[in-house]
Amino acid sequence: MALNYVQVLDTLAGLEGHEIGVLVYGAAAESWMPRATLAGRAGAVEMATEKTAGESQGVAFLPVGDSDYPSVGRQGVFLKSTDFERAELLGSVLRVVVGEVAVEIRDVLSQEVS
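This text gives an overview of the structure that appears in the document.

### Comments concerning the overall build of the chain
So, point 1. In terms of helices and strands, the chain carries 1 helix and 9 strands.
So, point 2. Reading the chain from its N end, one meets helices and strands in the order β-α-β-β-β-β-β-β-β-β.
So, point 3. Across the 114 residues in the chain, those meeting the buried criterion constitute 33%.
So, point 4. Relative to all contacts within the chain whose residues are 6 or more apart in sequence, the contacts with residues 24 or more apart total 48%.
So, point 5. Counting every atom, the chain has about 7,100 Å² of accessible surface; 53% of that belongs to carbon and sulfur.

### Topic: the nonpolar core
So, point 1. Counting residues in each nonpolar core, the largest one holds 23 residues, and the members touching the most others are Val8, Leu12, Ile20, Val22, Leu79, Val96 and Ile105.
So, point 2. When residues of this core are traced back to their parent elements, those giving at least two are helix H1 (5-13), strand S2 (19-26), strand S5 (55-63), strand S6 (76-80), strand S7 (84-90), strand S8 (93-98) and strand S9 (101-107).
So, point 3. Per element, the largest residue contribution to this core is 4 residues, and it comes from H1.
So, point 4. Filtering out sequence-adjacent residues up to four positions away, valine 22 remains in contact with Ala36, Thr37, Leu38, Val64, Val77, Val103, Glu104 and Ile105.

Conventions adopted
Residues numbered from 1 in each chain as written. Predicted model: local features only at pLDDT ≥ 70, side-chain atom pairs only at ≥ 80, totals over all residues. Heavy atoms only, no water. Helix = DSSP H or I, 4+ residues; strand = E, 2+ residues; numbered from the N terminus. Buried < 20%, exposed > 50% of the residue type's maximum accessible area, 1.4 Å probe, protein only. Contact = heavy atoms within 4.5 Å. Areas by Shrake-Rupley, 256 points an atom, 1.4 Å probe, with all protein chains shown as cover. Core = buried A, V, L, I, M, F, W, Y, C linked by side-chain atoms within 4.5 Å.

In short, the description is geometric, and any link to function would need to be established separately.
Next comes the structure, spelled out in structure tokens:
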């Protein structure tokens, strides 16, 4: 099912507290190797407004992992509204294309065992 940016934010909000896995890779079909991976408990989506050249753009941040280890720093996924191209929800997998990367977010506990 295709989603717009607001629907993506709603879907991410529903993941708060869930164990998730995140894969970040190139959006081009030949870029199948992951560039980054994250795993952990999803936090609350944080929204910010960023001004660039007099323009405002929404930026969502989905924190992932344990905040009990400040030396590791905050880990998560940034999604800029101006870079948003498309998104789809396939079962428990949310796939979002932003700029030149694709992000797959999987709700680990809701996946069916085959």
